[in-house]
Amino acid sequence: MLIKNLLLVAAGGSMGAVLRYGIALMLPNQSFPLATLIANLAGSFLLGIILAMSLKDETLPEGVKLFLATGICGGFTTFSGFSSENLGLMQSGKYNLAFLYIVTSVVGGILATWFGFKLIQH
């Protein structure tokens, strides 16, 4: 069972990483790291949906939850990219833009998870 779960997480993680890379190709990094912000907010929203589905009448099997939440969402969202991009903004003296990015990412991510959860919970 452990091997199966590890393979589900690995498969989902690789798919999430490829999706994130696709967004980065579509939205090249400009003065604001929009691609990472979109990936993190969309991934948070999807995570909210997955969490709500897993609680709703237990309709989401554990393997599917691992594949989607831990795998795809984990591979799709990126805290390391977020940290690196904020460091770059601060090193460029763009402190206001870094602050905006941090607040939008953190508050927006929590709100996106909540909205996704509420969408399915009703």
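Please refer to the structure placed before this passage.
All values derive from a computational prediction rather than experimental measurement.

Scoring rules and cut-offs
- Residues numbered from 1 in each chain as written.
- Predicted model: local features only at pLDDT ≥ 70, side-chain atom pairs only at ≥ 80, totals over all residues.
- Heavy atoms only, no water.
- Helix = DSSP H or I, 4+ residues; strand = E, 2+ residues; numbered from the N terminus.
- Buried < 20%, exposed > 50% of the residue type's maximum accessible area, 1.4 Å probe, protein only.
- Contact = heavy atoms within 4.5 Å.
- Areas by Shrake-Rupley, 256 points an atom, 1.4 Å probe, with all protein chains shown as cover.
- Lys, Arg positive; Asp, Glu negative; His and termini not counted.
- Charge placed at Lys NZ, Arg CZ, Asp CG, Glu CD.
- Core = buried A, V, L, I, M, F, W, Y, C linked by side-chain atoms within 4.5 Å.
- Polar contact = N/O pair within 3.5 Å; in protein donor to acceptor, adjacent residues only side chain to side chain.
- Phe/Tyr/Trp six-rings, centres within 6.5 Å; stacked < 30°, edge-to-face > 60°.

Right, let's get into the overall build of the protein. When its secondary structure is counted, the protein shows five helices and zero strands. Written out in order from the N terminus, the α and β elements of the protein read α-α-α-α-α. The principal-axis extents of the C-alpha atoms in the protein amount to approximately 50 × 30 × 25 Å. Within the protein, buried positions represent 32% of all 122 residues. Taking the contacts inside the protein whose residues are at least 6 apart along the sequence as the reference set, 74% of them involve residues at least 24 apart. For the protein, the computed accessible surface area is about 7500 Å², with 73% contributed by carbon and sulfur atoms. Here the protein carries 6 positive and 4 negative side-chain charges, and the mean point of each set is 7 Å from the other.

A few words now on the nonpolar core. A general feature of soluble globular proteins is that nonpolar side chains tend to end up buried together. Grouped together as the largest cluster of nonpolar side chains are five residues: Leu37, Phe82, Leu89, Ala98 and Tyr101. Counting only elements with at least two residues in this core, the list comes to α4 (79-91) and α5 (95-121). Those residues within four positions of Ala98 in sequence are excluded, and the remaining contacts are Asn86, Leu89 and Met90.

You can see Thr77 is positioned in the loop between α3 (62-76) and α4. Each C-alpha atom, one on Thr77 and one on Ala39, is 5.6 Å from the other, the two residues being 38 residues apart in sequence. If we skip the residues at most four places from it in the chain, Thr77 touches Arg20, Ala39, Asn40, Gly43 and Ser44. A distance of 2.8 Å separates a polar atom in the side chain of Thr77 from the backbone oxygen of Cys73.

Scanning the model with the defined rule gives four aromatic pairs in all. Centre to centre, the rings of Phe32 and Tyr101 are 5.3 Å apart; their planes meet at 70 degrees, and the pair counts as edge-to-face. Of this pair, Phe32 sits in the loop between α1 (2-26) and α2 (34-55) while Tyr101 is found in helix α5, placing the two residues 69 residues apart along the sequence. Taken together, Phe32, Phe79, Phe82 and Tyr101 form an aromatic cluster joined through their ring pairs.

Distances and angles like these do not, on their own, reveal function.
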